[in-house]
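Read off the chains here:
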Amino acid sequence: MTLPNTYADGNCPLARTLEVVGERWTLLIVRDAFYGVRRFGDFATQLGIPRAVLTNRLKSLTQEGVLTREDDGAGRVEYRLTDKGVALWPAVHAMMNWGEAFYSPHGAKRVLRHDLDGGLLDHDGHCQDCGTTVPVPEIRIEPGPGFRESGREADPVSDAINTPRRLLDPIATAPAPG
């Protein structure tokens with residue numbers, strides 16, 4: 001059953017949040033934006049999402065101010081997280097932790113480190129080496145002990161995501177032909 005777009009009691013911030021990020025695919029798009037995916041075709045390749053659905057979700061996230069849509073004037077468009085989008089990181093991180101705890105019997109599929117000193121981050125985003133709360137641009141993500149190759153044909157987006165890298169750093173892929 002689909003959630004209604006309006007609620008009799010407008011005092012539920014969780015319900016409003018779910019209106020923005022609660023549809024299927026939306027949080028995966030946000031996750032991939034944290035991983036550095038910026039182009040429509042790269043989101044489509046990585047997620048295997050129907051293009052019409054991706055168009056709809058990107059439009060919605062842009063209208064809500066979670067993403068910006070930037071056109072370089074040469075026909076290349078990139079989507080980037082806004083400050084409002086980056087503010088979703090604690091929720092995304094918490095959901096990743098929950099998934100690791102309950103659905104990753106061989107260990108974390110991805111680990112987060114403080115890029116400045118290499119310290120592992122705890123579940124609250126604190127560096128275990130220096131103790132600071134690490135801001136998103138200083139978080140490095142890398143395959144963990146439970147990481148397994150997907151078994152599907154490798155693509156440049158997946159290769160980049162599966163390589164240790166800082167969150168938010170753009171994934172550079174070749175422009176689409178045409």
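Throughout, a residue's number is its position along its own chain's written sequence, starting from 1. Only residues with pLDDT of 70 or above have their local features reported here, since the model is predicted, and side-chain atom pairs are shown and tallied only from 80 upward, although totals for entire chains, interfaces and linings are computed over all residues. For the side-chain quantities, the full set of heavy atoms in the structure was used; hydrogens and water were omitted.

Asks: Sorry, what's going on with the packing of helix H3 (residues 40–47) against helix H4 (residues 51–63) here?
Replies: Geometrically, a packed helix pair is captured by the angle between its two axes and the distance between the axes. Contact geometry for H3 and H4: axes closest at 10 Å, N-to-C directions at 125°. Relative to H4, the element H3 is oriented oblique. Pair H3 / H4 crosses with right-handed handedness. Between H3 and H4, the residues in contact are Phe40, Phe43 and Ala44 and Arg51, Leu54, Thr55 and Leu58, respectively. To define axes, lines are fitted to C-alpha atoms, for helices over the stretch in contact only, and angles between the resulting N-to-C directions are given on a 0 to 180 degree scale. Secondary structure follows DSSP: runs of H or I at least 4 residues long count as helices, runs of E at least 2 residues long count as strands, and numbering of each begins at the N terminus. Working rule for angles: under 35 degrees goes down as roughly parallel, over 145 as roughly antiparallel, 65 to 115 as roughly perpendicular, anything else as oblique. Two helices that cross are described as forming a left-handed crossing if the nearer one is turned anticlockwise from the farther one by less than a right angle, and a right-handed crossing if clockwise. Only heavy atoms enter the contact rule, under which two residues are in contact if any of them lie within 4.5 Å.

Asks: Would you mind showing me how to read H3 here?
Replies: In an α-helix, one turn spans 3.6 residues; hence positions three or four apart end up facing the same way. Exposed residues in this analysis have more than 50% of their type's maximum accessible area, buried residues have under 20%, and partly exposed residues fall in between, with area computed by a 1.4 Å probe over protein chains only. Within H3 the residues assigned to the buried category are Asp42, Phe43, Ala44, Gln46 and Leu47. On its buried face, H3 is in contact with helix H2 (26–34), H4, strand S2 (77–81) and helix H7 (156–161). The positive-phi residue at the C-terminal boundary of H3 is Gly48, with phi of around 65°.

Asks: Mind showing me how you'd approach the environment of Leu61 here?
Replies: Following the sequence through the fold, Leu61 ends up in helix H4. Here the alpha-carbon distance between Leu61 and Val30, two residues 31 residues apart in the chain, equals 8.8 Å. What Leu61 contacts, discounting residues up to four positions off in sequence, is Val20, Thr26, Ile29, Val30, Val66 and Leu67.

Asks: Mind showing me how you'd approach a nonpolar patch on the surface here?
Replies: For patch building, the residue pool is restricted to those with more than 30% relative accessible area and no salt bridge; the joining distance is 9 Å between like charges and 5 Å between nonpolar side chains (Val, Leu, Ile, Met, Phe, Trp, Tyr). Reported accessibility uses the Shrake-Rupley method at a 1.4 Å probe radius. Residues are deemed covered only where the shown protein chains occlude them. Criterion for a salt bridge: a side-chain nitrogen of Lys or Arg within 4 Å of a carboxyl oxygen of Asp or Glu. On the surface, Trp98, Phe102 and Tyr103 cluster together into a nonpolar patch covering about 430 Å² of accessible area. Tracing the backbone through its elements, the reader meets Trp98 in helix H6 (residues 89–103).

Asks: Can you walk me through the sheet that holds strand S3 (residues 110–114) in this structure?
Replies: Working definition: the strands of a sheet are paired by backbone hydrogen bonds and lie parallel or antiparallel to each other. For two strands to count as paired, DSSP must find a minimum of two bridges between them. The strand order S3-S4-S5 describes an open sheet built from three strands, whose pairing is antiparallel. Strands with a single pairing partner mark the edges of an open sheet, and in this sheet they are S3 and strand S5 (165–166). Inspection of the sheet shows strand S4 (residues 139–143) paired to S5 by two bridges, in the antiparallel sense. Of the residues in S5, the one forming a bridge with Ile141 is Arg165.

Asks: I would appreciate a short explanation of the packing of H2 against H3 in the present structure.
Replies: Where H2 meets H3, the closest approach of the two axes is 11 Å, and the angle between their N-to-C directions is 115°. Between H2 and H3, the interaxial angle falls into the category roughly perpendicular. In the packing of H2 onto H3, the handedness of the crossing is right-handed. Counted together, Leu28, Ile29, Arg31, Asp32 and Ala33 of H2 and Phe43, Gln46 and Leu47 of H3 form the full contact between these two elements.

Asks: Which parts of the structure should I look at to understand H6?
Replies: What a helix should span is 1.5 Å times the count of its residues minus one. The first and last C-alpha atoms of H6 sit 20 Å apart over 15 residues, in line with the 21 Å expected at 1.5 Å per residue. The complete set of buried residues in H6 reads Trp89, Val92, His93, Asn97 and Glu100. Along the axis of H6, the buried positions cluster into a sector of 140°, meaning they face one direction only. The exposed residues of H6 that point more than 90 degrees off its buried face are Met95, Ala101, Phe102 and Tyr103. Buried residues along H6 sit in contact with H2, helix H5 (83–86), S3 and S4. By definition, the arc is the one covered by directions from the helix axis to the C-beta atoms.

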